[in-house]
Amino acid sequence: AQKVTQAQTEISVVEKEDVTLDCVYETRDTTYYLFWYKQPPSGELVFLIRRNSFDEQNEISGRYSWNFQKSTSSFNFTITASQVVDSAVYFCALSPTGANNLFFGTGTRLTVIP
Amino acid sequence: DAGVIQSPRHEVTEMGQEVTLRCKPISGHNSLFWYRQTMMRGLELLIYFNNNVPIDDSGMPEDRFSAKMPNASFSTLKIQPSEPRDSAVYFCASSLGAGVWELFFGEGSRLTVL
């Protein structure tokens, strides 16, 4: 069975602060992919990143960075110098290799206060 | 470029009525997914099509739900008869190639069944 836990339901930060969104997963599959999606107020989910279970290298993309640690089954997402436009619900998701489904966490609502 | 287009964006109907939700995937994408989002259950996969063929419909709640993809540019999700517990946001997503490599979501159809 697959399970993704995002323990932080809601987070509020003041603009320019750094914020980390936690994601912990459970799977018995030896190979899998991890994802982060952003759901802004407009409603659609926007793909942010995909990470292969074999690749534990951290990833940085502009103000976004991701820390994948297989030892703790975590795939955390950090936004540096947060901006109001970062306000959204962020979902972590897992898909076993070859599967046709994304198993989503319950999401973390991030509010960035100007 | 046009993204995934869903209609209607909002639907309010009475219990027992038939509801049809529509989706136009991104041109050239050959995988299409229908997801449902509720507060209680989060994001759940309903059905997955690849090259217009239903591959996995294990998430379809019951016989009241049906989905079709008559061609590569159109899909429908039908609920007949609708019930209040069907109230949710229904998302269509498409991807290039098979599986969940990178999903592009529509803005969703918010269904309210009274």
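Attention in this report is confined to the structure presented alongside it. Computed from a predicted structure; not experimentally measured.

**Examining the overall build of chain A**
Okay, so step 1: When helices and strands are counted, chain A shows zero helices and twelve strands.
Okay, so step 2: Ordering the α and β elements of chain A from the N terminus gives β-β-β-β-β-β-β-β-β-β-β-β.
Okay, so step 3: The C-alpha radius of gyration computed for chain A amounts to 14 Å, which stays within 12% of the reference 13 Å derived for 114 residues, consistent with globular compactness.
Okay, so step 4: Taken over the C-alpha atoms alone, chain A extends approximately 45 × 25 × 20 Å along its principal axes.

**A closer look at the environment of Asn 51 of chain B**
Residues and elements named next belong to chain B.
Okay, so step 1: Looking at the element boundaries, Asn 51 is found in the loop between β5 (42-50) and β6 (53-56).
Okay, so step 2: Classification of Asn 51 by relative accessible area gives partly exposed; the value is 46%.
Okay, so step 3: The spacing of Asn 51 and Glu 18 is 33 residues in sequence and 27 Å in space, taken between C-alpha atoms.
Okay, so step 4: Here Asn 50 takes part through its side chain, which lies 3.4 Å from a polar atom of the side chain of Asn 51.

**Topic: the sheet that holds strand β7 (residues 65-71) of chain B**
Hydrogen bonds between backbone groups are what pair the strands of a sheet, and the pairing can be parallel or antiparallel.
Residue and element names in this part refer to chain B.
Okay, so step 1: Spatial ordering of the open sheet is given by β1-β3-β8-β7, a layout of four strands whose pairing is antiparallel. If you trace the sheet from one side to the other, it starts and ends with β1 (5-7) and β7, each paired once. Each adjacent strand pair in this sheet contributes to an overall mean axis angle of 15°, direction not counted.
Okay, so step 2: With three bridges joining them, β1 and strand β3 (residues 19-24) adopt antiparallel strand pairing. Across the sheet, the residue bridging to Gln 6 is Cys 23, located in β3.

**Considering the layout of surface pockets**
To find the voids left in a structure, one rolls a probe of water-molecule size over its atoms.
Okay, so step 1: Computed from the structure, the largest pocket encloses a volume of approximately 800 Å³.
Okay, so step 2: Along the walls of the largest pocket sit 33 residues, with Gln 39, Val 89 and Arg 109 of chain A together with Gln 37 and Met 39 of chain B positioned nearest its centre.
Okay, so step 3: The set of elements that each furnish at least two residues to the lining of the largest pocket consists of β10 (88-96) and β12 (108-113) of chain A together with β4 (31-38), β5, β9 (88-95) and β11 (109-113) of chain B.

**A word on the state of the cysteines**
Residues and elements named next belong to chain B.
Okay, so step 1: A complete count under the given rule lists two disulfides over all chains for this structure.
Okay, so step 2: Across the disulfide, Cys 23 is cross-linked to Cys 92 (sulfur-sulfur distance 1.9 Å). Its S-S torsion of approximately -65° makes the covalent link between Cys 23 and Cys 92 left-handed. Placement of the pair is Cys 23 in strand β3 and Cys 92 in strand β9, with a sequence separation of 69 residues.
Okay, so step 3: A relative accessible area of 0% means that Cys 92 is categorised as buried.

**Let's talk about the side chain of Arg 36 of chain B**
Residues and elements named next belong to chain B.
Okay, so step 1: Tracing the backbone shows Arg 36 in strand β4.
Okay, so step 2: For Arg 36, a relative accessible area of 10% corresponds to the buried category.
Okay, so step 3: Those residues in contact with Arg 36 that lie beyond four places of it in its chain are Gly 42, Leu 43, Glu 44, Leu 46, Pro 61, Phe 65, Asp 86, Ala 88, Val 89 and Tyr 90.

**A look at the packing of aromatic side chains**
What characterises a pair of aromatic rings is the spacing of the ring centres plus the angle enclosed by the ring planes.
Okay, so step 1: Going through the model one piece at a time under the given rule, you end up with 19 aromatic pairs over all chains.
Okay, so step 2: Ring geometry for Phe 77 of chain A against Tyr 90 of chain A: centres 5.5 Å apart, planes inclined by 65°, an arrangement best described as edge-to-face. Taken together, the positions of Phe 77 of chain A in strand β9 (residues 74-79) and Tyr 90 of chain A in strand β10 put the pair 13 residues apart, joining distant regions of the chain. Both residues of the pair, Phe 77 of chain A and Tyr 90 of chain A, count as buried.
Okay, so step 3: With 5.8 Å between their ring centres and 50° between their planes, Tyr 35 of chain B and Phe 105 of chain B make a pair best called tilted. Of this pair, Tyr 35 of chain B sits in strand β4 while Phe 105 of chain B sits in strand β10 (residues 104-105), placing them 70 residues apart in sequence. Accessibility assignment for this pair places Tyr 35 of chain B and Phe 105 of chain B in one class, buried.
Okay, so step 4: Connected via pairs of aromatic rings, a cluster forms that spans Phe 35, Tyr 37, Phe 47, Phe 91 and Phe 104 of chain A together with Phe 33, Tyr 35, Tyr 48, Phe 91 and Phe 105 of chain B.
Okay, so step 5: Geometry around Trp 101 of chain B places Arg 50 of chain A over its ring, the cationic atom sitting 3.7 Å from the centre.

What counts, and at which threshold
Along each chain, numbering runs from 1 in the same order as the chain's sequence is written. Going through the entries in the order they are written, you letter the chains from A and number the ligands from 1. Where totals are concerned, whole chains, interfaces and linings use all residues; where local detail is concerned, this predicted model gives features only for residues with pLDDT of at least 70, and gives and counts side-chain atom pairs only at 80 or more. Side-chain descriptors were evaluated using all non-hydrogen atoms of the structure, hydrogens and water having been removed beforehand. The numbering of helices and of strands both runs from the N terminus, where a helix is a DSSP run of H or I of at least 4 residues and a strand a run of E of at least 2. The globule rule used here is 2.2 Å times the number of residues to the 0.38 power, and the radius of gyration it is set against is calculated over C-alpha atoms. Only protein chains enter the accessibility calculation, which uses a 1.4 Å probe. A residue is then buried if its area is under 20% of the maximum for its type, exposed if over 50%, and partly exposed in between. We call two N or O atoms a polar contact when they sit within 3.5 Å, provided that within protein one can donate a hydrogen and the other can accept it, with sequence-adjacent residues counted only if both atoms are side-chain atoms. Following DSSP output, two strands are said to pair if at least two bridges run between them. All axes here are fitted lines through C-alpha atoms, helices being fitted over the stretch that makes contact, and every angle between N-to-C directions spans 0 to 180 degrees. Throughout, the protein atoms alone are placed on a 1 Å grid, and a set of points is a cavity if a 1.4 Å probe fits but cannot get out or a pocket if it is open with protein on both sides within 12 Å along at least five of seven lines; lining residues have an atom within 4 Å of a point. Grid points are joined across faces, edges and corners, and a volume is the space filled by probe spheres set on the points. When two cysteine sulfur atoms are found within 2.5 Å, that pair is recorded as a disulfide. Any two residues whose heavy atoms approach within 4.5 Å are treated as being in contact. In this analysis, rings of Phe, Tyr and Trp, with Trp reduced to its six-membered ring, are considered paired at centre separations within 6.5 Å, and the interplanar angle assigns stacked below 30 degrees, edge-to-face beyond 60, and tilted for intermediate values. Only when the NZ of Lys or the CZ of Arg is both within 6 Å of the ring centre and within 35 degrees of the ring normal is a charge said to sit over the ring.

The quantities given are spatial measurements derived from coordinates; they are silent on function.
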